[in-house]
Amino acid sequence: MTTMTSACNYDLSSLIDVINPGPLYRSAIEEVAESVCPVIESNKAYQQARVFERLLIPDRVIRFRVEWVNDAGGVEVNFGWRIEHTNVLGPYKGGLRFHPSVTEDTLHFLAYEQCFKNALTGQPIGGGKGGSNFNPKGKSDNEVMRFCQAFMRELQRHIGPSVDVPAGDIGVGGREIGYLYGQYMKITKQRDGVMTGKPLGLGGLLGRTEATGYGTVTFAEEMLKHNGDSIDGKRVMISGSGNVALYAAELAMEKGAHVVTMSDSGGSISFEKGMTSEQLVELIEYKEVQRGRLANWKGEGMSYHPEARPWSLVDADVALPCATQHEVEKDDAAALVDRGVKVVAEGANMPCTHQARSVFHYKGIVFGPGKAANAGGVATSCFEMSQNASHSTWTKEQSLDKLTGVMVDIHEQCVSNAPMVNGVVDYGTGADRGGFIKLADAIVAMGV
Ligand code: NDP
Ligand code: 2IT
């Protein structure tokens, strides 16, 4: 934490030693610290209330054992977590991630980022995150169901519609949320909308499936507009082919862009002239229903690159990393610049490393951080909470119109809080400061 201590005249090292963050949480803390130091230094109330320090330690970390029976009759054991980071702005809110790589460090960084993101949405939601090291890949539908039921047997005692409202993330989509919420309803007798991203029949919101990807494209479009440009006709590289990536592709194409790459953890696909709308419809079905691998997906005008990330494969104007954290490292960032990319908007959470972000700053690339650019998902989750609490049904148009409004507003908040670096708006700093001020004011108001 040397940057922070020198920039801030604070000695946070003993606190950081106690927290002992893992590498992901540490990089998230350092990123925010660099941005918000001048804000803290110019505000006595924030210093006296020690708001930065109080935001580093989560309200609580819930860790539990998940035991379930596989199809062969064997007993399986996994970790489960829910990190309730802060509820100062509203109920803890954030997704659940099921992936074998999940550790407490992953969830600490995600929960921390979520607090700033949720603050930026302007909706009354606090920050949290949860998940498991369970690997849904290769599991039967029944195994996934039994795992979800076992996970919820513990989680249900910690959540509630005005306490903590989980949603999806990597490895957790409509199927998993249906099983989790179904078990919650059985155990508690409540059908109170305690999760978001639910299937429509269980109280889900039209537009939530599309929201994160659509929001990311809307944010990228706002960044382009701010420079007098538009997304129409642009070549867009996308990574991932999950929930965020697929719907980012859908809206980008609707707006006249050419999607030139997609990927999964096995490799990437490049499209010479851009993916066609028929190919996108096919890909959504292939990924969401058949749960297929890109390596086995064949079509006209495209090439598969095993084990490759998309960033050096083709020329492009815009990049939307929508898969996972740290998937754009320093060399990838340099490759993106070489390929002509001028705008990067993060659909995933922290896909670009600190070093990659430095390359973008140095080269004058316009960079939209995840906590702003992918906030449309959680904002729309909050609309789902409103729909459930008011026992009503929203139209898709209502939720998507409101989503656009939120993304435009987040863009404005970033610009108004951002310095200029190399003649470009520093959205990263703007987003951190915009979110931080809301959290800090609420913490000061709350007292100790
Ligand atoms: P999905 O599980 O639907 O899709 C994830 C995609 O990323 C898949 O294509 C997956 O490939 C790929 N991927 C995952 N891990 C890796 C890895 N280690 N290396 C390469 N590729 C990988 O998740 P989402 O689309 O929901 O989430 C994607 C990102 O967006 C995450 O960072 C998430 O935190 C963030 N996000 C999600 C929101 C949401 O509403 N869902 C909201 C805001 C942010 P494979 O299938 O081969 O594993
Ligand atoms: O990272 C995220 O914002 C999400 N996974 C969505 C969280 C939510 O509660 O909708």
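Residues numbered from 1 in each chain as written. Chains lettered and ligands numbered in written order. Predicted model: local features only at pLDDT ≥ 70, side-chain atom pairs only at ≥ 80, totals over all residues. Heavy atoms only, no water.

Novice: With reference to specific residues and values, describe the overall build of the protein chain.
Specialist: Secondary structure summary: the protein chain contains 17 helices and 14 strands in total. For the protein chain, the spread of C-alpha atoms along the principal axes amounts to about 60 × 50 × 40 Å. The buried share of the protein chain, taken over its 448 residues, is 57%. Pairs at least 24 residues apart make up 72% of the contacts formed inside the protein chain by residues separated by at least 6 positions. Total accessible area on the protein chain is roughly 17,700 Å²; 50% of this is exposed by carbon and sulfur atoms. (Helix = DSSP H or I, 4+ residues; strand = E, 2+ residues; numbered from the N terminus. Buried < 20%, exposed > 50% of the residue type's maximum accessible area, 1.4 Å probe, protein only. Contact = heavy atoms within 4.5 Å. Areas by Shrake-Rupley, 256 points an atom, 1.4 Å probe, with all protein chains shown as cover.)

Novice: Let's hear about the side chain of Asn374: which residues, and what values?
Specialist: As for its placement among the helices and strands, Asn374 is situated in the loop between helix H14 (370-373) and helix H15 (376-389). Classification of Asn374 by relative accessible area gives buried; the value is 3%. Not counting residues up to four positions away in its chain, the partners in contact with Asn374 are Lys117, Thr212, Thr216, Glu346, Gly347, Ala348 and Asn349.

Novice: Summarise the site of ligand 1; cite the residues concerned and give the values.
Specialist: In the vicinity of ligand 1 lie 25 residues, with Asp169, Thr212, Ser265, Arg293 and Asn349 positioned nearest. In this structure, an oxygen atom belonging to ligand 1 sits 2.9 Å away from a main-chain N or O atom of Asn243. Separating an oxygen atom of ligand 1 from a side-chain N or O atom of Arg293 is a distance of 2.6 Å. Elements supplying a minimum of two residues to the shell around ligand 1: helix H9 (208-226), helix H10 (243-254) and strand S7 (258-264). (Near = heavy atom within 4 Å. Polar contact = N/O pair within 3.5 Å; in protein donor to acceptor, adjacent residues only side chain to side chain.)

Novice: Now, about the sheet that holds strand S1 (residues 60-69): what can you tell me, with residues and values included?
Specialist: The strand order across the open sheet formed by five strands is S1-S2-S4-S3-S5, and the pairing between neighbours is mixed. In this open sheet, the two edge strands, each paired with only one partner strand, are S1 and strand S5 (164-167). On average, each strand axis in the sheet is inclined to that of its neighbour by 20°, with strand direction left out of account. Docked against the sheet, helix H7 (residues 141-155) engages S1, strand S2 (75-86), strand S3 (92-98), strand S4 (127-132) and S5, running at close to 140° with respect to S1. (Pairing = 2+ DSSP bridges. Axes fitted to C-alpha atoms, helices over the stretch in contact; angles between N-to-C directions.)

Novice: Quick one: what's the story with the site of ligand 2, residue by residue and with numbers?
Specialist: Taken together, 14 residues lie near ligand 2, and Lys93, Lys117, Lys129, Asp169 and Ser381 sit nearest. For ligand 2, an oxygen atom lies 2.7 Å from a polar atom in the side chain of Lys93. Measuring from an oxygen atom of ligand 2, one finds a side-chain N or O atom of Asn349 at 3.0 Å. Taken by itself ligand 2 offers 300 Å² of open surface, and the protein chains cover 93% of this. Elements represented by at least two residues in the shell around ligand 2 include exactly S3, helix H6 (104-121) and H15.

Novice: Would you mind going over the packing of aromatic side chains in detail, with residue names and values included?
Specialist: In the structure shown here, the tally under the stated rule is 18 aromatic pairs. Ring geometry for Trp68 against Phe147: centres 6.1 Å apart, planes inclined by 80°, an arrangement best described as edge-to-face. Here Phe147 lies in helix H7 and Trp68 lies in strand S1, a separation of 79 residues in the sequence. Among the residues examined, Phe147 registers a relative accessible area of 0% and is labelled buried. Aromatic side chains Phe383 and Trp394 sit 5.6 Å apart centroid to centroid with 15° between the ring planes, which places their arrangement in the stacked category. Within this pair, whereas Phe383 is found in helix H15, its partner Trp394 is found in the loop between H15 and helix H16 (396-417), the two being separated by eleven residues in sequence. For the pair Phe383 and Trp394, a shared accessibility class is recorded, and that class is buried. Among the aromatic side chains, those forming a connected cluster through ring pairs are Phe64, Trp68, Phe98, Phe134, Phe147 and Phe151. Here the basic side chain of Lys198 rests over the ring of Tyr181, its NZ or CZ set 5.5 Å away from the ring centre. (Phe/Tyr/Trp six-rings, centres within 6.5 Å; stacked < 30°, edge-to-face > 60°. Lys NZ or Arg CZ within 6 Å of the ring centre and 35° of its normal.)

Novice: Give me the lowdown on H9, citing residues and values where you can.
Specialist: The end-to-end C-alpha distance of H9, which contains 19 residues, comes to 27 Å, matching closely the 27 Å that a straight helix rising 1.5 Å per residue would cover. The sharpest bend along H9 measures roughly 30° and falls at Tyr214. The buried count for H9 comes to 16 of 19 residues, which makes it a mostly enclosed element. At the exit of H9 stands Gly228, carrying a positive phi of roughly 70°. (Expected span 1.5 Å × (residues − 1). Bend = angle between axes of the 7 residues up to and from the residue.)

Novice: Explain the pattern of salt bridges residue by residue, including any values.
Specialist: Summed over the entire model, instances satisfying the criterion amount to 24 salt bridges. The partner of Asp71 in a salt bridge is Arg146, and the shortest N-O contact between them spans 2.7 Å. Within this pair, whereas Asp71 is found in the loop between S1 and S2, its partner Arg146 is found in helix H7, the two being separated by 75 residues in sequence. Given a relative accessible area of 28%, Arg146 falls into the partly exposed group. Of the charged contacts, one joins Asp264 and Lys287 as a salt bridge, the two residues approaching to 2.9 Å between their closest N and O atoms. In this pair, Asp264 is assigned in strand S7 and Lys287 in helix H11 (residues 277-288), connecting sequence segments 23 residues apart. Comparing Asp264 with Lys287 shows no difference in burial state: the two are buried. (Salt bridge = Lys/Arg side-chain N within 4 Å of Asp/Glu carboxyl O.)

Novice: A description of the side chain of Thr86 should follow, citing residues and the corresponding values.
Specialist: With respect to the helices and strands, the residue Thr86 is situated in strand S2. Among the polar contacts listed, one links the side chain of Thr86 to the backbone nitrogen of Val88, at a separation of 3.1 Å. Other than its neighbours up to four places away in sequence, Thr86 contacts Leu55, Asp59, Tyr92, Cys115, Gly126, Gly127 and Leu439.

Novice: Residues and numbers for a nonpolar patch on the surface, please.
Specialist: A contiguous nonpolar surface patch, about 280 Å² in accessible area, is contributed by Val69, Val75 and Val77. With respect to the secondary-structure elements, Val75 resides in strand S2. Val75 sits in the exposed class, given a relative accessible area of 67%. (Patch = residues over 30% accessible without salt bridge, like charges linked within 9 Å, V, L, I, M, F, W, Y side chains within 5 Å.)

Novice: If you had to explain the packing of H7 against helix H8 (residues 174-188) to someone new, which residues and values would you point to?
Specialist: Where H7 meets H8, the axes come as close as 8 Å, and the angle between the chain directions of the two elements is 45°. Taken together, the axis directions place H7 and H8 in an arrangement best described as oblique. H7 and H8 meet at a crossing whose hand is right-handed. Mapping the contact onto sequence places Asp141, Val144, Met145, Cys148, Gln149, Phe151, Met152 and Arg153 in H7 and Arg175, Glu176, Tyr179, Leu180, Gln183, Tyr184 and Ile187 in H8. Here the contact of H7 with H8 is composed, by residue class, of nine nonpolar, two polar and four charged. (Parallel < 35°, antiparallel > 145°, perpendicular 65-115°, else oblique. Left-handed = near helix turned anticlockwise from the far one by under 90°. Nonpolar A, V, L, I, M, F, W, Y, C, P; charged D, E, K, R; others polar.)

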